[in-house]
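# Reading the structure
The chain contents come next:
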Amino acid sequence: MSNPSRREFLKSTGAAICSTGLSLYAGADLFASSPVPSSFPTSPLPAPLPIKKGLVLDMLPPKLSYAERMKLARDVGFEVVQAPTTPDQKEAEEIKKAADSANIRIDSVMNMDHWKYPLSSSDSAVVEKSLAGMRTSLHNAKLWGSGAVLLVPAVVNAQTSYRDAWSRSQTQIRKLLPLAEELKIVIAIEEVWNKFLLSPLEMSKYISEFQARGSKRGSTWGT
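Note that this is a predicted model, so its numbers are computed, not measured. (Residues numbered from 1 in each chain as written. Predicted model: local features only at pLDDT ≥ 70, side-chain atom pairs only at ≥ 80, totals over all residues. Heavy atoms only, no water.)

### Focus on the nonpolar core
Inclusion rule: We call a set of buried residues a nonpolar core when its members are Ala, Val, Leu, Ile, Met, Phe, Trp, Tyr or Cys and they connect through side-chain atoms within 4.5 Å of each other. Only protein chains enter the accessibility calculation, which uses a 1.4 Å probe; a residue whose area is less than 20% of its type maximum is buried, one above 50% is exposed, and one in between is partly exposed. Starting at the N terminus, helices and strands are each numbered in turn, a helix being any DSSP run of H or I of at least four residues and a strand any DSSP run of E of at least two. Any two residues whose heavy atoms approach within 4.5 Å at even a single point are treated as in contact.
By size, the foremost hydrophobic cluster in this structure holds 44 residues, and its most contacted members are Met-70, Leu-138, Ile-187, Ile-189, Phe-196 and Tyr-206. Counting residues per element, this core draws most heavily on helix 5 (residues 162–183), which supplies eight residues. Beyond its immediate chain neighbours, meaning those up to four positions away, Met-70 contacts Leu-57, Val-81, Ile-95, Ala-98, Ala-99, Ala-102, Ile-104 and Ile-106.

### Observations concerning the pairing of strand 3 (residues 105–110)
Successive residues of a regular strand alternate their side chains across the two faces of the sheet. Cut-off, in case you're wondering: Think of it this way: DSSP has to see at least two bridges between two strands before they count as a pair. Classification remark: right-handed applies to a crossover when, strands pointing away from the viewer, the course from the first strand over the helix to the second runs clockwise.
As judged from the five bridges shared by strand 2 (residues 80–84) and strand 3, these two strands associate in the parallel manner. The partner of Gln-82 across the bridge, within strand 3, is Ser-108. Regarding topology, helix 3 (residues 89–102) serves as the crossover connection from strand 2 to the parallel strand 3, and that connection is right-handed. Of the pairings in the sheet, the one linking strand 3 to strand 4 (residues 148–151) comprises three bridges and is parallel in character. By the bridge assignment, Ser-108 is partnered in strand 4 with Ala-148. In this region the chain leaves strand 3, passes through helix 4 (residues 124–144) and returns to the parallel neighbour strand 4; the handedness of that crossover is right-handed.

### So, the environment of Ile-187
The residue Ile-187 is located in strand 5 (residues 186–189) in this model. As a C-alpha pair, Ile-187 and Gly-147 span 40 residues in sequence and 9.0 Å in three-dimensional space.

Written as structure tokens, this is what we have:
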């Protein structure tokens, strides 16, 4: 066969594409008209969770008062704020008042001591400081009406192996679960540059082990 002209080539190619497309549509119609087997029951999809735009409180200008910062966040369209651990009760009350006045919710608390004092440390004094900071965070969350406290559970480094980080942090977090359950606050396990829980499978196993060992409500979950 002689080489086809450009026009003939385009015509034949277009015909082939159309033919293929029709075959695909015909196949789709065939499957669409087929009844769903009764052995595969269908269930309605869950409603999508509402998405709210938020920011970390420390992202707002520190020269402003808490009331001014909360108002600024609301005025520019943010609906929720994440606040840091605040040990001073008077300051924590001020933050709550500022959020309430601006009609903006503090939806979560950023625990602050888990880097300087990791729960995975071999030093009991360090661990106690971390536990104390986390208890403060949980009480902050209750005061502010937050649903969760973010916790970096462990830090893997030259002093702490992955295995030790896993077992030590779980031991300490179990000490926090009764308070979290009492206050109805979620301990939200966070993975962020700490070289720990590096895959979804690891995160899932780490969380499930709390539920498997007697946690009433399963107060921990991953982020």
